Structures are given as structure tokens and as C-alpha cells.
Amino acid sequence: MMERSPKVIPPQITDIKARQDFLRLLVERMQQNPIPYDSPKFTRDMFHEHS
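Residues numbered from 1 in each chain as written. Predicted model: local features only at pLDDT ≥ 70, side-chain atom pairs only at ≥ 80, totals over all residues. Heavy atoms only, no water.

A. Representation of the packing of aromatic side chains. Following the criterion strictly, the structure yields one aromatic pair and no others. Relative to Phe-47, the ring of Phe-42 has its centre 5.3 Å away and its plane inclined at 45°; by these criteria the two rings are tilted. Assessed through its relative accessible area of 63%, Phe-42 is described here as exposed. The ring of Tyr-37 is capped by Lys-41, whose NZ or CZ atom sits 5.9 Å from the centre of that ring. (Phe/Tyr/Trp six-rings, centres within 6.5 Å; stacked < 30°, edge-to-face > 60°. Buried < 20%, exposed > 50% of the residue type's maximum accessible area, 1.4 Å probe, protein only. Lys NZ or Arg CZ within 6 Å of the ring centre and 35° of its normal.)

Given below as C-alpha cells:
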């Protein structure tokens, strides 16, 4: 079985303009693809693997 890292560290965007552009595009994309109101709700069990 492959070990998983306990932390996932995203790449750092050090350029302020690049960070602003990235965040602006991220928010725009989220607004263009909203989660439907009637989508199924996640339960605690759905987040855990069962074998």
C-alpha cells in the first residue's frame, strides 16, 4: 500500500499580480459552475473509504 503524505502543500505564487489573476479566475470559474441547490448532500460516511 502506498503511503500518503499527511500534508498537501500547494505551490506558492509569489508574484502578487499572478496571485490576483489566479484568484480572480478561480472565483469566476466557481461562479460559472455553481453547485445545484438540489444536489445530494454529503454525509460523514461518504468521506471515508470502506473496504
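The discussion continues.
B. The side chain of Ser-39, seen in detail. Structurally, Ser-39 can be placed in the segment after helix H1 (16-32). A polar atom in the side chain of Ser-39 sits 2.9 Å from the backbone oxygen of Pro-36. (Helix = DSSP H or I, 4+ residues; strand = E, 2+ residues; numbered from the N terminus. Polar contact = N/O pair within 3.5 Å; in protein donor to acceptor, adjacent residues only side chain to side chain.)

C. Local environment of the pattern of salt bridges. Evaluated as defined, the whole model comprises three salt bridges. Taking the shortest distance from any N to any O, the salt bridge between Asp-21 and Arg-24 comes out at 3.8 Å. One end of the pair, Asp-21, and the other, Arg-24, are both in helix H1, three residues apart, so they sit about a helical turn from each other. Overall, the relative accessible area of 42% leaves Arg-24 in the partly exposed class. The salt bridge involving Arg-24 is made with Glu-28; its shortest N-O contact spans 3.3 Å. Taken together, the residues Arg-24 and Glu-28, both in helix H1 and four residues apart, mark about one turn of the helix. (Salt bridge = Lys/Arg side-chain N within 4 Å of Asp/Glu carboxyl O.)

D. Just a nonpolar patch on the surface, in detail. A cluster of nonpolar side chains, Phe-22, Leu-23, Leu-26 and Met-30, forms an exposed patch at the surface whose accessible area comes to about 390 Å². Within the secondary structure, Met-30 is located in helix H1. Here Met-30 falls in the exposed class, since its relative accessible area comes to 53%. (Patch = residues over 30% accessible without salt bridge, like charges linked within 9 Å, V, L, I, M, F, W, Y side chains within 5 Å. Areas by Shrake-Rupley, 256 points an atom, 1.4 Å probe, with all protein chains shown as cover.)

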